[in-house]
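Each chain, written out:
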Amino acid sequence: MARTIQNQPPASRSGGTRSYWVKTLETPGGEAAPAQTEDESGSPRFVEPFRLDTKQRGSLLALLRKLRVGDTDGREIFLAAISYDLAAYKQQAISEPPPVEPPAPEPLAPNPQEPTLAPLAASLGSLCERIDDLDEPTRAWLLEELQKGDRFGRAYDTRYLAELRSELDLLAHACAAPAPLAPAETPPEPQPRLSANARQLLTRLADVYADCFEGTPTADPEGPFSQILRHLFVLAAIDLPTDEDALTQVLGEDQETTASPAAIAD
């Protein structure tokens, strides 16, 4: 009978589909069929499954037994199923562009008037301090002298010294002002922590976990799913976050299950 391609397994994380994986992952010769993906032109191509060596398989199986996840058949099916998803991700990750580093902020331009105005600012600041330190007799004498020297005969009182001191302080701050700041750049839009390929891989691993072990994967960092992911990514040399926030992004999404490329039914 001719083989047909299935777009997605008949159930997702609800469990209870182990017979599906047994049927679709094994060929008459006992070997899994190669994964089918598409290249950039849309033409189909095949990706060999990513196979763990004997030591790696033993290490992962030991962790599954330690966590009391699944039975012997379920664990073997799990390893067979994820080999295609790992291979597809690693193949696609090669062509992913590297993350764009944000440009470094430009340094502020120096104030061209600083050599001339800095001494003046210091002098004005010192003058303001001296005005503040005047005692009452000296202030009264100074105000009287100002009135004597005014050709219009205007009166001077303590308010005049306060206003004069305020204007001198304003001038001192203007002389000491830094160079204008560079125009504020619009901050780049935050990039998602997970690429589309990463989301697809984590979603697929969660679905296979649920199907093979008939359990619900969670984002709990101490839960079995998180521990299995951390161990698996070390073995497969895959650099993806497995913290609670990253897994919540995937497990919390209400989206359709992405099918494994190995899903080929009789």
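A brief report on the enclosed structure follows. Along each chain, numbering runs from 1 in the same order as the chain's sequence is written. In keeping with the predicted nature of the model, local features appear solely for residues at pLDDT of at least 70, side-chain atom pairs appear and are counted solely at 80 or more, and the whole-chain, interface and lining totals rest on all residues. Note: side-chain values were computed over all heavy atoms of the structure, leaving out hydrogens and water.

### Brief notes about the environment of Leu60
Helix numbering and strand numbering both begin at the N terminus, where a helix is a DSSP run of H or I of at least 4 residues and a strand a DSSP run of E of at least 2. With respect to the helices, strands and loops of the structure, Leu60 is situated in helix 2 (residues 54-66). Take Leu60: its relative accessible area is 0%, and that puts it in the buried class. Non-local contacts of Leu60, meaning those with residues more than four positions away in its chain, are made with Leu52, Leu79, Ile228, His231, Leu232 and Leu235. Burial classes: relative accessible area under 20% of the type maximum marks a residue as buried, over 50% as exposed, and values in between as partly exposed (1.4 Å probe, protein chains only). Note on definitions: a residue-residue contact is assigned when non-hydrogen atoms from the two residues lie within 4.5 Å.

### A few points about unusual backbone geometry
A positive phi is found at Glu214, a non-glycine position, where the angle reads about 50°. Residue placement: Glu214 occurs in the loop between helix 7 (196-213) and helix 8 (224-236). With a phi close to 55°, Ala237 is a non-glycine residue in the positive phi region. Tracing the chain through its elements places Ala237 in the loop between helix 8 and helix 9 (244-251). On the basis of relative accessible area, Ala237 is assigned to the exposed category, the value being 64%.

### Details of the packing of aromatic side chains
For Phe, Tyr and Trp, rings pair up if their centres lie within 6.5 Å, where Trp contributes its six-membered ring, and each pair is then called stacked (planes under 30 degrees apart), edge-to-face (over 60) or tilted (otherwise). With the rule as written, the count across this model stands at 4 aromatic pairs. Judged by centre distance (5.0 Å) and plane angle (40°), the ring pair of Phe78 and Phe213 falls under tilted. Separated by 135 residues along the polypeptide, Phe78 in helix 3 (residues 72-95) and Phe213 in helix 7 bring together distant segments of the chain. For the pair shown, Phe78 and Phe213 are each scored as buried. With a centroid separation of 5.3 Å and an interplanar angle of 70°, the aromatic rings of Tyr209 and Phe225 are classed as edge-to-face. Within this pair, whereas Tyr209 is found in helix 7, its partner Phe225 is found in helix 8, the two being separated by 16 residues in sequence. Taking relative accessible area as the criterion, Tyr209 reaches 6% and is therefore assigned buried. The exposure class of Phe225 is buried, given its relative accessible area of 3%. Taken together, Phe78, Tyr209, Phe213 and Phe225 form an aromatic cluster joined through their ring pairs.

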